[in-house]
Amino acid sequence: MAYEFDWSSIPGALPFLLEGLGVSLKITVTALVVGMVWGTVLAVMRLSPIAPLRWFAAGYVNLFRAVPLVMVLLWFFLVIPQLLTQWLGLSPATDVRLTSALIGFALFESAYYAEIVRAGIQSVPKGQMAAATALGLSRGQAMRLVILPQALRNMVPLLLTQAIVLFQDTSLVYVSALADFFGAAYKVGDRDGRLVEMLLFAGAVYFVLCFSLSRLVQRLQARSAAHAAAL
Amino acid sequence: MSYTWNWAVFAQDTSMGDGSTYGAWMLAGLKMTVTVSLSAWVLALALGCLVGVLRTVPSKGWRGVATAYVEVLRNIPLLVQLFIWYFIVPELLPKAWGDAIKQMPPDVQQMGAAIVCLGLFTSARVSEQVRAGIQSLPIGQTRAALALGLTLPQAYRLVLLPMAFRLVVPPLTSEFLNIFKNSAVCSTIGLMELAAQGRQLVDYTAQPYEAFIAVTLMYMLINVVVMGLMWLVERKVRVPGYMGQ
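Keep in mind that this is a model prediction, so the values were computed, not measured.

What follows concerns the overall build of chain A. Within chain A one finds eight helices and zero strands. Listed N to C, the secondary structure of chain A is α-α-α-α-α-α-α-α in terms of helices and strands. When its C-alpha atoms are laid out on the principal axes, chain A stretches across 70 × 50 × 25 Å. Counting over 231 residues, chain A shows a buried share of 35%. Restricting the contact set of chain A to residue pairs at least 6 apart, pairs at least 24 apart contribute 71%.

Structure representation (structure tokens):
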């Protein structure tokens, strides 16, 4: 083996890396929460009897799903700073990269969550809606009280899997030089001339986190399958 | 601040002295995106089928190897994998090989890393679909094939795979779309594909909206073409009597 490993720059860089991990998690959680809420709204719109709502939701979802995340992020790094400076009167020098990333990820992920929620709603038997409206609930009430709670339970594994994908995708904020976990690792590696060790370390950390989470999702899935079988 | 639209920018000369226009840069980017994605797709299909089959064979050892392969490639971000292929693998290879790689022209190195990285990354996802396709077949098919005296490889080749491949086509459509979208990540190692050409145009012309709109439209065009192609393939290979579509 020609390469001599030297891992000594990792311990000193840990606080900086942890800060980066914080940024990654912040983006993940924000996109997850906003994506779930806005995604559910989009999914309900997409199944609504009102045609313009359906078209809007379909257009939104298809547009975001057709474009690479990198491109969406570049768009938001271009457009959001200009809008913010125009609307809020911020000085153009303010660092709004994190805000742009948060908004970009949230709007992008919503399109994917909308599809998961739509599939979840469609997995609930039609008779449920018929029974709920026959009992005198309005369509909105039936959706909120009967359909969505069941749909959400069916979707939990898929939603969590998508969250793992999302966490991995946050590394793409690299295109704006924002120091998320990967960005931080790259910067340290570049500074110390230890790119090989830092990138391998970053890969290992992502692997351990994502692998344990996906194992957890699998166990959850097995448990809910056993629960469903017992019913 | 008002923005001055100038769509004629694509017909403008790049003043690089070779007479090319900014529009030609965009088309070169499109060509690179398609070349890299299609090459990676061939690799992903070949490896994905192999690993997908290995995940269903009786041998525990082979199943374990295939599972490890899939888990590693699925739980590390694409960007990290790309940087590992581009920056790190040449360092870790035996010195003579690493030096040979580093002496290649930069665009060849970038393309090579991009194709290998996207191909392997996608192969893990393809293998999951292939595995699901094989496992969706009744277990009786394997048993009947073996009982008739076929060897295990024969059972796969003659009974299981011809059916599984047809069932797997619809879910592969989204992976095929993903490989084009994921190729945009390769702009980070300097590969001059569509997204990178878009950014370069912004730097040269200061017309960001035209550049980004053109790139976005090209990705949508790729999407439509791929969906159309896969629709044709799906129609051709659909198994009569199965639900769906």
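From this point, the narrative continues.
What follows is about the overall build of chain B. When helices and strands are counted, chain B shows nine helices and zero strands. Each helix and strand of chain B, placed in order from N terminus to C terminus, yields the pattern α-α-α-α-α-α-α-α-α. With respect to the principal axes defined by its C-alpha atoms, chain B has extents near 75 × 50 × 30 Å. Of all 245 residues assigned to chain B, the portion counted as buried reaches 37%. Within chain B, contacts between residues at least 6 apart in sequence are counted, and of these 72% link residues at least 24 apart.

Next up on the list: the interface of chain A and chain B. Counting from both sides, the interface comprises 28 residues of chain A and, opposite them, 30 residues of chain B. When contributions to the side of chain A that touches chain B are tallied by element, the ones reaching two or more residues are helix 3 (69-87), helix 6 (139-169) and helix 8 (195-230) of chain A. Take the side of chain A that touches chain B: its biggest share by element is 11 residues, from helix 8 of chain A. Its residues assigned to classes, the side of chain A that touches chain B comprises 23 nonpolar, four polar and one charged.

This next bit is on the packing of helix 1 (residues 9-46) of chain A against helix 2 (residues 51-66) of chain A. Between two packed helices, what matters for the description is the angle formed by their axes and the separation of those axes. All names here are of chain A. Here helix 1 crosses helix 2 at 130°, and the two axes come no closer than 7 Å. In terms of axis orientation, helix 1 runs oblique to helix 2. Here helix 1 runs over helix 2; the crossing is left-handed. Residues L42, M45 and R46 of helix 1 pack against L53, R54, F56, A57, A58, Y60 and V61 of helix 2.

Let us now look at the environment of I84(B). Here I84(B) is to be found in helix 3 (residues 78-92). Counting along the chain gives 29 residues from I84(B) to A113(B), while the straight-line C-alpha distance between them is 9.0 Å. Beyond its immediate stretch of four places on either side in the chain, I84(B) contacts L199(A), G203(A) and V89(B).

Residue and element names in this part refer to chain A. Its location among the elements puts S110 in helix 4 (residues 97-122). With 40 residues separating them in the primary sequence, S110 and Q150 have C-alpha atoms 20 Å apart. In this view, S110 contacts V34, G35, W38, G39 and L42; residues no more than four positions away in its chain are not counted.

On average, residues of chain B score 92 in pLDDT, and 98% of them reach the 70 mark or higher. This complex was scored by the predictor with a pTM of 0.90 and an ipTM of 0.88.

Now for helix 9 (residues 208-237) of chain B. The end-to-end C-alpha distance of helix 9 of chain B, which contains 30 residues, comes to 43 Å, matching closely the 44 Å that a straight helix rising 1.5 Å per residue would cover. Listed as buried for helix 9 of chain B are E210(B), A211(B), F212(B), A214(B), V215(B), T216(B), M218(B), Y219(B) and I222(B). Residues of helix 9 of chain B that are buried in the fold lie against helix 2 and helix 3 of chain A together with helix 1 (22-54), helix 7 (152-182) and helix 8 (194-205) of chain B.

A few words on the environment of D107(B). For D107(B), the location among the structural elements is in helix 5 (residues 106-135). When the C-alpha atoms of D107(B) and R157(B) are compared, they prove to be 39 Å apart, with 50 residues separating the residues in sequence.

Once that is clear, we can look at helix 2 (residues 60-74) of chain B. Helical geometry note: an α-helix holds 3.6 residues per turn, so side chains three or four residues apart project in the same direction. All names here are of chain B. For helix 2, with 15 residues, the first-to-last C-alpha span of 21 Å sits near the 21 Å given by 1.5 Å per residue. When helix 2 is considered as a whole, its buried residues turn out to be A66, V70 and L73. Across the axial projection of helix 2, the buried residues extend over an arc of 75°, all falling on one side. Those residues of helix 2 that are exposed and angled more than 90 degrees off the buried face are K60, G61, G64 and A68.

Parameters and conventions
- Residues numbered from 1 in each chain as written.
- Chains lettered and ligands numbered in written order.
- Predicted model: local features only at pLDDT ≥ 70, side-chain atom pairs only at ≥ 80, totals over all residues.
- Helix = DSSP H or I, 4+ residues; strand = E, 2+ residues; numbered from the N terminus.
- Buried ≥ 20, exposed ≤ 12 C-beta atoms within 10 Å, placed from the backbone.
- Contact = placed C-beta atoms within 7 Å.
- Nonpolar A, V, L, I, M, F, W, Y, C, P; charged D, E, K, R; others polar.
- Axes fitted to C-alpha atoms, helices over the stretch in contact; angles between N-to-C directions.
- Parallel < 35°, antiparallel > 145°, perpendicular 65-115°, else oblique.
- Left-handed = near helix turned anticlockwise from the far one by under 90°.
- pLDDT = per-residue confidence, 0-100.
- Expected span 1.5 Å × (residues − 1).
- Arc of directions from axis to C-beta.

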